[in-house]
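These are the residues of each chain, in order.
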Amino acid sequence: MPGFELFGSAERKEVNDVLENGVLMRYGFDGMRNGHWKAKELETELQSAFKSKHVQLVSSGTAAVSVALAVAGIGAGDEVIMPSFTFVASFEAIMMMGAIPVLVDIDDTLTLDPKAVEKAISPKTKAIMIVHMCGSMGDMEALQNICDAHNLVLIEDACQAIGGTYKGKPLGSIGDLGCFSFDFVKTITCGEGGAVITDNKQYYINADHYSDHGHDHIGNDRGAEDHPFMGYNFRISELHAAVGLAQVRRLPDFLSIQQKNYTILREALSEIPEITFRTVPEGGEENYGFLNFFLPELEIARKASKNLKEAGVDGCFHYYDNNWHYIRKWDHLKTLKTLYPISEEVKSGLKYLQTKTFEQSDHFIGRNISCLIKLSWTEEKVKLRATAMVKAVTSALKSVK
Ligand SMILES: Cc1ncc(COP(=O)(O)O)c(C=O)c1O
């Protein structure tokens, strides 16, 4: 992560194809295209990469999550259970549907704790949204069992975990719907883009129409197409899809570079007895896009984060103090700062956030450091980095003792 580090001739060739041919839109203009259908081709590649029957490309990961909720029929007043540690896009998408985000604690997998999920289920719950944060997953079997028992939709936000697997299945392909982001900092990028994947044909048809104003895409005259239901514009452009097409073909290489770099850093940090690593459930394999570890206390993690920055070790996040990825700093959600009025139902559904505490999540996020694994590092650079990281963390442990 991120794929843009290794942009090269393959990306340029695909983009130039689109520019030379001149059709920047993914639908229509059949006569002008000379056979160029980059978005369609990327969807086919993603079907095989993610072992999924259907793929709908969209304009972003946030769009992917919104479309996934919409196609599963989740809307006004429905509750969607999501983790306290994620990116703000999770609650944005739920709120956009007029639904209510129900935030619950994470465990040492850094995503949904199945026990916390079970406790949060109410008659209004319609879906559980797991977010595979920083390249790895939660206990998918337990979550699937909960969904089966309560007839809930399981949505996987795999935006940060492209290429991770659980019991041999790609993350994103396990639940009813999987969501991906191909924004500029993801393992494979389109610049901006996203995808919804599913084995459910009706969900796919809904996603295809909903993401293009409700167009049914039958025939080759856009103006004559029918609109079975209302939709929006979450389309990806051919230019963005072209970049992604080159990138997805390189995904196996990117994943193996990530794993190599991750392993060097992990082995070095394993020498520090006070460090523990995030739990990866049995049968799971991370995508190695991040190395996540825990220190014994919040203040040690804070000091380690400071030391790492001062030593020039970039991309090591202490999410407890970060504005975008953890409930602690989401005052705009807690106090409902929106540009426009929202329904009384959502307002009252979110009142719990003014008093709810997340001690269990604090316990894990407060002590966690999450290090981005880059693709462009040389082996020498990774080793130097490993040494600098061990020094920064050891010094934090000593200073706070
Ligand atoms: C977990 C998660 N979900 C959703 C998104 C939204 O993706 P995008 O930036 O493509 O809208 C992100 C982006 O960082 C993310 O990390």
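A quick note: this is a predicted structure, and the numbers were derived from the prediction, not measured.

What counts, and at which threshold
Residues numbered from 1 in each chain as written. Predicted model: local features only at pLDDT ≥ 70, side-chain atom pairs only at ≥ 80, totals over all residues. Heavy atoms only, no water. Axes fitted to C-alpha atoms, helices over the stretch in contact; angles between N-to-C directions. Helix = DSSP H or I, 4+ residues; strand = E, 2+ residues; numbered from the N terminus. Parallel < 35°, antiparallel > 145°, perpendicular 65-115°, else oblique. Left-handed = near helix turned anticlockwise from the far one by under 90°. Contact = heavy atoms within 4.5 Å. Core = buried A, V, L, I, M, F, W, Y, C linked by side-chain atoms within 4.5 Å. Buried < 20%, exposed > 50% of the residue type's maximum accessible area, 1.4 Å probe, protein only. Near = heavy atom within 4 Å. Polar contact = N/O pair within 3.5 Å; in protein donor to acceptor, adjacent residues only side chain to side chain. Areas by Shrake-Rupley, 256 points an atom, 1.4 Å probe, with all protein chains shown as cover. Pairing = 2+ DSSP bridges.

### Side note on the packing of helix α10 (residues 298-310) against helix α14 (residues 379-400)
Moving on, step 1. Direction vectors running N to C along α10 and α14 enclose 140°, while the axes themselves pass 8 Å from each other. Between α10 and α14, the angle falls in the class oblique. α10 and α14 meet at a crossing whose hand is right-handed. Note on element contacts: α14 touches α10 through Met389, Ala392, Val393, Ser395, Ala396, Leu397, Ser399 and Val400, opposite Glu299, Ile300, Lys303, Ala304, Asn307 and Leu308.

### Focus on the nonpolar core
Moving on, step 1. If you look at the biggest cluster of nonpolar residues, it comprises 55 residues, and the most contacted ones within it are Leu69, Phe85, Ile155 and Leu177.
Moving on, step 2. For this core, the element with the most residues is helix α3 (residues 61-71), which contributes eight residues.
Moving on, step 3. If we ignore the near neighbours within four places in the chain, the residues touching Ile155 are Ala68, Leu69, Ile74, Ala127, Ile128, Met129, Ile130, Leu177 and Cys179.
Moving on, step 4. Grouped together as the second largest cluster of nonpolar side chains are 43 residues, Val117, Phe180, Ile197 and Leu251 included.

### Brief notes about the site of the ligand
Moving on, step 1. Near the ligand there are 13 residues, and of these Gly61, Thr62, Asp157, Asp183 and Lys186 occur at the shortest range.
Moving on, step 2. A distance of 2.7 Å separates an oxygen atom of the ligand from a polar side-chain atom of Lys186.
Moving on, step 3. Out of a free accessible area of 390 Å², the ligand has 91% covered by protein chains.

### Focus on the sheet that holds strand β5 (residues 153-157)
For sheets, the rule is that strands pair by backbone hydrogen bonds, running either parallel or antiparallel.
Moving on, step 1. As summarised here, the arrangement of the seven strands in space is β1-β9-β8-β5-β4-β2-β3, forming an open sheet in which the pairing is mixed. With partners counted over all chains shown, the strands left at the sheet margins are β1 (54-58) and β3 (100-104), one partner each. Shown here is a sheet whose adjacent strand axes are inclined to one another by a mean of 20°, direction ignored.
Moving on, step 2. With five bridges connecting them, β1 and strand β9 (residues 194-198) associate as antiparallel partners. By the bridge assignment, Gln56 is partnered in β9 with Val196.

Everything listed here is a matter of coordinates, which is why it stays silent on function.
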